[in-house]
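# Working through the structure, step by step
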Amino acid sequence: MLKKPYLILITLLLTMPLTACGGGSDTSDPTTASTSRLDTVKQRGTLICGVNGEVPGFSFVDENGQYSGLDVDICRAIAAALFDDPDQVEYRKLSAQERFPAVQSGEVDVLNRNTTWTISRDTTNGMEFAPTVFYDGQGIMVTTASGVATIEGLAGKSICVLAGTTTEQNLADQMRKRGIEDYNPVTFEDVDALYAAYQEGRCEGVTADRSQLVARRSILPNRNDHAILNVVLSKEPLGPAVKNNDSAWFDAVKWITFSLIQAEELGINSENIETFENSEDPNVRRFLGLDDKLGEGMGLPNDFAARVVKHVGNYGEVYERNIGEPLGLDRGQNNLWTEGGLLYSPPFR
């Protein structure tokens, strides 16, 4: 018969593997856990933002290499929230084909490239879409000389379209739905090449988001020689996107974007924000980081929203600066929900 000390030893040897295999408490080393992109960006001190660079009003780079537009201002807002400096951004100009691989590979931290939120991009492409910052729809622009007044009038004609985009599929779907089979889609990889071909007369029409058509028409030599048809082919919710499975970075981008919308709803803008610092409204105080610690809860400074407004403004200011004033495009669906639009921020509490 085994003596008691031996029985104790055998019992310990038998139970140790069970504990090591997960029967006991978690003993994993936290330093082996994957690092969030949020930590990477903060340690680097610069945000790398993927943009288009060829669409006035959204992201456009001028002859001096300066970027501007609504998408660019979203990048600047993220940098402002993280670093208290909206210029701590490195822009990467990406084509439609390059944009998703650039996010997946980590080449860029966030994509702000007039990108439509779709189910396949959200799932099989492994993206996470932050709040929609511009509600758009696909349209068609034609030369007035073509005499085309409806989409049916494009039967037998050529239409310039950007390859690898929802625009290409939407055009095919709408033509099939309307029984128009004898049209000729002419595809391009680059936005500038697309409009250059249209301008040269290689296509009677060009299709893209309606806002993009308005923007590109504004820089054509004879803008009155072109008309945008009164037709909307699709829903195009545009907004920033990040790589999937990184909730800390996704939460940061998401709530920084919401702060632009919430600031406008609260009536806070870049010119009057200082007047709100003594506000007794608890909603205002939480939003500005004066009460509670909403920022710390996701790895941001508590005044992250205040930084955004001070450096970039609220959504209304961003829209007017980039789209409303230069392009003359009414806000429409891009108004706040209180003004009959679709922009809506969850509560900051």
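So, here is what we can say about the structure in this document. (Residues numbered from 1 in each chain as written. Predicted model: local features only at pLDDT ≥ 70, side-chain atom pairs only at ≥ 80, totals over all residues. Heavy atoms only, no water.)

## Description of helix α9 (residues 247-266)
- Its 20 residues place the ends of α9 27 Å apart at the C-alpha level, agreeing with the 28 Å of an ideal helix rising 1.5 Å per residue.
- In the segment just after α9, G267 is the residue with positive phi, at about 80°. (Helix = DSSP H or I, 4+ residues; strand = E, 2+ residues; numbered from the N terminus. Expected span 1.5 Å × (residues − 1).)

## Observations regarding the sheet that holds strand β11 (residues 184-188)
- A sheet is described by the order of its strands in space; here five strands give the open sequence β11-β10-β12-β9-β13, paired in mixed fashion. Only two strands of the sheet have a single neighbouring strand rather than two, namely β11 and β13 (226-228). Recorded for the sheet is a direction-independent mean angle of 30° between the axes of neighbouring strands.
- Pairing analysis gives five bridges linking strand β9 (residues 138-143) to strand β12 (residues 205-209), with the strands arranged antiparallel. Looking across to β12, one finds that I140 is bridged to T207.
- Where helix α6 (residues 166-177) meets the sheet, it contacts β9, β10 (158-162), β11 and β12, and its direction lies at approximately 145° from that of β10. (Pairing = 2+ DSSP bridges. Axes fitted to C-alpha atoms, helices over the stretch in contact; angles between N-to-C directions. Contact = heavy atoms within 4.5 Å.)

## Some remarks on empty space enclosed by the protein
- Using the criterion set out here, one finds one cavity of 30 Å³ or more in the structure.
- For the largest cavity, the calculated volume is near 170 Å³.
- Considering the residues around the largest cavity, the lining is formed by 17 residues, among which N114, L162, T165, T167 and Q212 are closest to the centre.
- Looking at the lining of the largest cavity, the elements with two or more residues in it are α6, α7 (191-199) and β12.
- Element by element, the count of residues in the lining of the largest cavity is highest for β12, at three residues.
- Across the lining of the largest cavity, the residue classes tally to four nonpolar, eight polar and five charged. (1 Å grid on protein atoms, 1.4 Å probe; cavity = no way out; pocket = protein on both sides within 12 Å on 5 of 7 lines; lining within 4 Å. Points joined across faces, edges and corners; volume = space filled by probe spheres on them. Nonpolar A, V, L, I, M, F, W, Y, C, P; charged D, E, K, R; others polar.)

## Side note on the pairing of β11
- Two elements, β10 and β11, share five bridges in a ladder whose sense is parallel. Pairing of L162 across the sheet is with F188, part of β11.
- Following the backbone out of β10, through α6 and into the adjacent parallel β11, one traces a crossover that is right-handed. (Right-handed = clockwise from strand over helix to strand, strands pointing away.)

## Some points on the layout of surface pockets
- Reported here for the largest pocket is a volume of approximately 390 Å³.
- Among the secondary structure elements, those contributing two or more residues to the lining of the largest pocket are β8 (134-136), α8 (210-217) and β14 (236-238).
- Tallied by class, residues from the lining of the largest pocket come to eight nonpolar, six polar and six charged.

## Some thoughts on the packing of helix α2 (residues 37-44) against α9
- Relative orientation of the contacting elements α2 and α9 amounts to 70°, with a least axis distance of 6 Å. By the angle class used here, α2 and α9 are roughly perpendicular. Contacts from R37, L38 and V41 in α2 reach A248, W249 and A252 in α9.
- For the contact of α2 with α9, the per-class residue count stands at five nonpolar, no polar and one charged. (Parallel < 35°, antiparallel > 145°, perpendicular 65-115°, else oblique.)

## Brief notes about the sheet that holds strand β4 (residues 67-68)
- The antiparallel open sheet is built from three strands, whose spatial order is β2-β3-β4. The sheet terminates laterally at β2 (54-55) and β4, the two strands that pair on one side only.
- Note that β2 and strand β3 (residues 59-61) share two bridges and pair antiparallel. If you follow V55 over to β3, its bridge partner there is S59.

## Topic: the nonpolar core
- Grouped together as the largest cluster of nonpolar side chains are 56 residues, with contacts concentrated most on L70, I78, W249 and Y315.
- Excluding its chain neighbours within four sequence positions, the residues that come into contact with L70 are G57, F58, V133, F134, Y315, V318, Y319, N322 and I323.
- Within the second largest apolar cluster, 16 residues are counted, among which are M141, L194, Y198 and A208. (Core = buried A, V, L, I, M, F, W, Y, C linked by side-chain atoms within 4.5 Å. Buried < 20%, exposed > 50% of the residue type's maximum accessible area, 1.4 Å probe, protein only.)

## A look at the state of the cysteines
- Considering all chains together, one arrives at two disulfides under this definition.
- Two residues share a disulfide in this structure: C49 and C75, whose sulfurs sit 1.9 Å from each other. With the S-S bond torsion at -55°, the cross-link from C49 to C75 turns out left-handed. Placement of the pair is C49 in strand β1 (residues 47-51) and C75 in helix α3 (residues 70-83), with a sequence separation of 26 residues. (Disulfide = S-S within 2.5 Å.)

## Remarks on the packing of aromatic side chains
- A complete count under the given rule lists ten aromatic pairs for this structure.
- Ring centres of W117 and F129 lie 5.8 Å apart, and the angle between their planes is 5°; on these two criteria the pair is classed as stacked. Remark: F129 occurs in strand β7 (residues 127-129) and W117 occurs in the loop between β6 (110-111) and α5 (119-122); sequence separation between them is twelve residues.
- Using a relative accessible area of 37% as the deciding quantity, one classes W117 as partly exposed. (Phe/Tyr/Trp six-rings, centres within 6.5 Å; stacked < 30°, edge-to-face > 60°.)

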